[in-house]
Amino acid sequence: WTVPYEFNQSDLNACALFLQNHILDMDAKKAKDVTWSTVRYMIADIQYGGRITDDWDRRQMSTFAEKFFCQAVLEPGYSFLKGYTVPQGTEIAYFREHVNTYPATDVPEVVGLNMNADLVFRLDNAEKVFNCIIDTQPKGGGGGKGASREEVVTELCKDLLSKLPAAFKKEDIKTYLNKSGITKPVNISFRQELDVLGAILGVVRTTLQNLQLAIDGTIVMSDDLSNALDALANAKVPPIWLKNAWYSPTVGIWYQSLLGRCEQWDRWLKSGRPKSFWLPGFTNGQGFLTAVRQEVTRGHNGWALDDVAVFTEVTKHEFDDLKEGPNEGVYIHGLYLDGCGWSKKESKLIEAPPKVLFIPLPCMWVSAVQRAQKKLDYMVYECPVYERKDPRKRGMTAAQPNFVFSPEIRTEDPPSKWILRGVGLLQYPGE
């Protein structure tokens, strides 16, 4: 699920009561077949769907309903998966006896997930346990010979400060934008990213410097500095850094992302537009992709932005293999498939290998075409791209700015298979 919902027993009871009344009503009218469209609508859109707030979850629920509520379920010998057959009797005792033959622990495949879902579930549980242990540990220093918490954080601050890049010079930015076109949509997005990153660099530098002074007793330890001390001692990201920035579970990964962003913008300033853009390096990926759409639209006479749709195609190139950018649109890289694999040879979605949770995707070409002319001769799966794998932060609303865009990716299997798999693209795959 994109957003976790509190589905409960009352939802199940309401659905069972509706099914009972619906079947009795059909019996009274002497109807021959079940009106499956009504059943699916009431269960997926009304009973359970009434709780759903996200468009991708609504698609997920509708696909579940199409799998479990169809005429095939009533056919003799039907099974959802090997070992999960549907009983054909009419006595409740027979049903109970049949259900007892199901495996004691359900496998993920029975609801459409792949075999790695169980591994992800166990990893998430283990992470919660360890986070709870870390959070409940005493904050004071011990009586051993090791370095105290304050000494460890002081050394960490010195190390991070030594790696922190210098702020971007306004003169360099102004010179580049005047030369390349200050009103071009992609350059406007670039300028916004530089402003955001400049502010973040300032906050990081100030925090690291002041934290050392506060530990020495030179200045007062404010609430922000105290929270930063606790976070850095546990290798977490200080809350003040996360404000108006990106999310990462540990300070090491967050800082690497900061350095990666600085490197990309610095290279863009000095060497010109990149041949491929590292999408996870954008704080506003949606804004950048909209700018690309505007740029392509302006390159064609008679095109209107409202009539133009995003066109995507996964290439066979890795970032290091690219020699130049495309003639139109952009290449993007840095995305990871979650829930499935990728065949580079055949350029299509495939099953994920066992115990491999995230698959790097080759460079993707992003451009724009007129909606009326957008015709594909192959099946595609509309795959949502998220900034991070954190269900509490996903969504498409302003309050949950985690969704980026939804490219169409080639598949030979029905899209419903990947919907049930929960397949998505992540800018940050995890540790």
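In this text, all values refer to a predicted model and were calculated from it rather than measured experimentally. (Residues numbered from 1 in each chain as written. Predicted model: local features only at pLDDT ≥ 70, side-chain atom pairs only at ≥ 80, totals over all residues. Heavy atoms only, no water.)

(A) Looking closely at the sheet that holds strand β10 (residues 364-370). Across the sheet, which stays open at both edges, the 4 strands sit in the order β3-β5-β10-β4 with mixed pairing between neighbours. The open sheet has two edge strands, β3 (277-278) and β4 (308-314), and neither has a second partner. Across 7 bridges, the pairing between β4 and β10 is antiparallel. For A309, the partnering residue across the bridge sits in β10 and is V369. Contacts from helix α12 (residues 285-298) reach β3, β4, β5 (330-333) and β10, with the element oriented near 50° to β10. (Pairing = 2+ DSSP bridges. Helix = DSSP H or I, 4+ residues; strand = E, 2+ residues; numbered from the N terminus. Contact = heavy atoms within 4.5 Å. Axes fitted to C-alpha atoms, helices over the stretch in contact; angles between N-to-C directions.)

(B) Summary view of unusual backbone geometry. With phi around 55°, K30 is a residue other than glycine that occupies positive phi space. Note that K30 resides in the loop between α1 (9-28) and α2 (36-47). For K355, which is not a glycine, the phi torsion comes out positive at approximately 65°. With respect to the helices and strands, the residue K355 is situated in the loop between β8 (348-350) and β9 (358-360). Residue class for K355 comes out exposed when judged on its relative accessible area of 72%. (Buried < 20%, exposed > 50% of the residue type's maximum accessible area, 1.4 Å probe, protein only.)

(C) Here's a closer look at the packing of aromatic side chains. For the coordinates displayed, the defined rule picks out 23 aromatic pairs. Measuring from centroid to centroid gives 6.1 Å for W1 and Y5, while their planes differ by 85°, and the two rings are edge-to-face. Ring geometry for W265 and W268: centres 5.8 Å apart, planes at 45°, overall tilted. Of this pair, W265 and W268 both sit in helix α11 (residues 251-271), 3 residues apart, which is roughly one turn of that helix. Judged by its relative accessible area of 1%, W265 falls in the buried class. Through a chain of ring-to-ring contacts, the aromatic side chains of W1, Y5, F7, Y48, F64, F68, Y78 and F80 assemble into a single cluster. A cation over a ring is seen here: K275 above F319, with NZ or CZ 5.3 Å from the ring centre. (Phe/Tyr/Trp six-rings, centres within 6.5 Å; stacked < 30°, edge-to-face > 60°. Lys NZ or Arg CZ within 6 Å of the ring centre and 35° of its normal.)

Scope: geometric values only; no functional claims are made or implied.
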